[in-house]
Amino acid sequence: MTTTETGTRDPDALVRRAGKRADTRQDQHFLVDDRVLDRIPEYATDAGIDLSHVLEIGAGPGALTDRLLATAEKVTAVERDPDFAAHLREEFAEEVAASRLTIVEGDALDVALPEFTASISNLPYGASSEIAFRLLPEQRPLLLMFQQEFAERMAAEPATDDYGRLSVTAGHYADVEVVETVPPEAFDPQPRVTSALVRTTPRKPDYTVPSDDFFMDFLKAVFTQRRKTMRNAVRNTAHISGLGDPDAVVEAADEDLMSARAGKLTPADFATLATVAYEVGQPEA
């Protein structure tokens, strides 16, 4: 391969050269639509995202890797399948030799991630949530492919049907927008669901919390009982939030907030309640 071909490799030919089909049991669905592949880096450049070092998770046969190498200065691709990792080293041998591409073989949830300026990835759906929430605290722009339902919940506004723990958690770290929905036909093999590309822009929230870890535990707890008032949710989920005295939280918190249900509260409301819970609820150390 020569560098002049970078950005123009045929996705189906890459799959053939890899010599291995996608394993749907491992959540492998390869993005093979040239038009979608060509647009993905544009969503990054249009937003002024720094592409000096792009992290790609789940590189597979390398179709998106190829497009990223045409735009980014350097790419680190994480691939857990040893056969695809070997294929990537051979397919992009020139880029590897020039230190423009680094292949990390392993599970993205376990391997040490490099310093990166942005992550652009077609994620395996089964691990997409865990991977996203490993990346979000890094405070770097992300452009990630998810199932559409997950993407819409991630970007949802308060008091909407899709709004939930995912929305608040993602919004704690970044502004989240769905930039494109992608039909099953764009993948090989085709998934049973429509996909969506999400772009996140890191920012500090307009509220403060006593501890990110406690805030996330508090959200996890109260959203398990999203149909109950916060008063009952706080009392019923101390085993999840780690509160030693949930009744003290109920007594100290604003009555209007305690009477509301989780789906109606804003992220700032949750921050207020979490702060009260941290201060008077005797959370586990």
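Residues numbered from 1 in each chain as written. Predicted model: local features only at pLDDT ≥ 70, side-chain atom pairs only at ≥ 80, totals over all residues. Heavy atoms only, no water.

Under an unreviewed UniProt entry, the name given to the chain is Probable ribosomal RNA small subunit methyltransferase A, and the organism recorded is Haloarcula sebkhae. Under Subcellular location (unreviewed entry), UniProt gives the following word-for-word description of the chain: "Cytoplasm". (UniProt positions renumbered as here; feature names shortened; annotations may be inferred.)

J.: What am I meant to see in the environment of Asn-122 here?
T.: Secondary-structure assignment places Asn-122 in strand 5 (residues 118-122). Between the C-alpha atom of Asn-122 and that of Arg-226, which follows or precedes it by 104 residues, the distance is 31 Å. If we ignore the near neighbours within four places in the chain, the residues touching Asn-122 are His-29, Leu-31, Ile-57, Gly-58, Leu-64, Met-145 and Phe-187. Of note is the side chain of Asn-122, whose polar atom sits 3.2 Å from the backbone oxygen of His-29. (Helix = DSSP H or I, 4+ residues; strand = E, 2+ residues; numbered from the N terminus. Contact = heavy atoms within 4.5 Å. Polar contact = N/O pair within 3.5 Å; in protein donor to acceptor, adjacent residues only side chain to side chain.)

J.: Just to check I follow, could you spell out the pattern of salt bridges for this structure?
T.: Evaluation of the coordinates by the stated rule reveals 16 salt bridges. Lys-20 is the partner of Asp-83 in a salt bridge, and the nearest nitrogen-oxygen pair spans 2.9 Å. In this pair, Asp-83 is assigned in helix 4 (residues 82-91) and Lys-20 in the loop between helix 1 (11-18) and strand 1 (30-31), connecting sequence segments 63 residues apart. Judged by its relative accessible area of 27%, Lys-20 is partly exposed. A salt bridge links Arg-67 to Asp-34, with the nearest nitrogen and oxygen atoms 2.7 Å apart. In this pair, Arg-67 is assigned in helix 3 (residues 63-69) and Asp-34 in helix 2 (residues 34-46), connecting sequence segments 33 residues apart. What makes Arg-67 buried here is its relative accessible area of 5%. (Salt bridge = Lys/Arg side-chain N within 4 Å of Asp/Glu carboxyl O. Buried < 20%, exposed > 50% of the residue type's maximum accessible area, 1.4 Å probe, protein only.)

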